[in-house]
Amino acid sequence: TMVPGGTGKGVAGIDIPLFQDILVIFALAIVVIYLCHRLNIPSVVGLLLTGVLAGPNGLGLVKGVHNVETMAELGVILLLFTLGLYTLHGLKSRRS
């Protein structure tokens, strides 16, 4: 099936721009983390620079900025939830 208004050039004939953007982000992240590891630079610095370069104000590799931003916010929420559970577990283990 084709996505309305799509080009049909995506994975298996399906146009999924969010999937393509995430693939670009992951590919860049892998390369940057490897380079940062080799150069003894903190990987967070490299990932921030990658985000600036891949974003719409840099090279423009990521097209669906709003969709990627929504996924990033969901990731932050899940990260904070996981940290909360870990902290709660740590507090319970200290009591006993």
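Please read all numbers here as calculations on a predicted model, not as lab measurements.

Conventions used here
Residues numbered from 1 in each chain as written. Predicted model: local features only at pLDDT ≥ 70, side-chain atom pairs only at ≥ 80, totals over all residues. Heavy atoms only, no water. Helix = DSSP H or I, 4+ residues; strand = E, 2+ residues; numbered from the N terminus. Buried < 20%, exposed > 50% of the residue type's maximum accessible area, 1.4 Å probe, protein only. Lys, Arg positive; Asp, Glu negative; His and termini not counted. Salt bridge = Lys/Arg side-chain N within 4 Å of Asp/Glu carboxyl O. Contact = heavy atoms within 4.5 Å. Patch = residues over 30% accessible without salt bridge, like charges linked within 9 Å, V, L, I, M, F, W, Y side chains within 5 Å. Areas by Shrake-Rupley, 256 points an atom, 1.4 Å probe, with all protein chains shown as cover. 1 Å grid on protein atoms, 1.4 Å probe; cavity = no way out; pocket = protein on both sides within 12 Å on 5 of 7 lines; lining within 4 Å. Points joined across faces, edges and corners; volume = space filled by probe spheres on them. Axes fitted to C-alpha atoms, helices over the stretch in contact; angles between N-to-C directions. Parallel < 35°, antiparallel > 145°, perpendicular 65-115°, else oblique. Left-handed = near helix turned anticlockwise from the far one by under 90°. Nonpolar A, V, L, I, M, F, W, Y, C, P; charged D, E, K, R; others polar.

Colleague: How would you explain the side chain of Asp 21 if you had to name every residue and give the values?
Modeller: Among the structural elements, Asp 21 can be located in helix α1 (residues 17-39). There is no salt bridge for the buried Asp 21, and the closest opposite charge comes from Lys 63, which lies 7.2 Å off by N-O distance. Once residues lying within four places of it in the same chain are set aside, the contact partners of Asp 21 are Leu 61, Val 62, Lys 63, Gly 64 and Val 68.

Colleague: Tell me about a nonpolar patch on the surface, and please be specific about residues and values.
Modeller: A cluster of nonpolar side chains, namely Val 31, Tyr 34, Leu 35, Leu 39, Ile 41, Val 45 and Leu 49, defines an oily patch on the protein surface of about 670 Å² accessible area. Mapped by element, the contributors of at least two residues to the nonpolar patch are α1 and α2 (43-54). Broken down by element, the residue count for the nonpolar patch peaks at four residues, all from α1. Looking at the secondary structure, you find Tyr 34 in helix α1.

Colleague: How would you sum up the layout of surface pockets? Please name residues and give values.
Modeller: In this structure, the largest pocket encloses a volume near 430 Å³. As for the largest pocket, its lining consists of 15 residues, of which Ile 25, Gly 51, Val 62, Val 68 and Ala 72 are closest to the centre. For the lining of the largest pocket, the elements supplying multiple residues, two or more each, are α1, α2 and α3 (65-95). The greatest single-element share of the lining of the largest pocket, amounting to five residues, is contributed by α1.

Colleague: Lay out the packing of α1 against α2 in plain terms, naming residues and giving numbers.
Modeller: The contact between α1 and α2 brings their axes to 9 Å, and the two run at 140°. It follows from the interaxial angle that α1 and α2 lie oblique. Handedness of the crossing formed by α1 with α2: right-handed. Here Leu 28, Ala 29, Val 32, Ile 33 and Cys 36 of α1 lie close against α2, whose contacting residues are Ser 43, Gly 46, Leu 47, Thr 50 and Ala 54. Grouping the amino acids of the contact of α1 with α2 by side-chain chemistry returns seven nonpolar, three polar and no charged.

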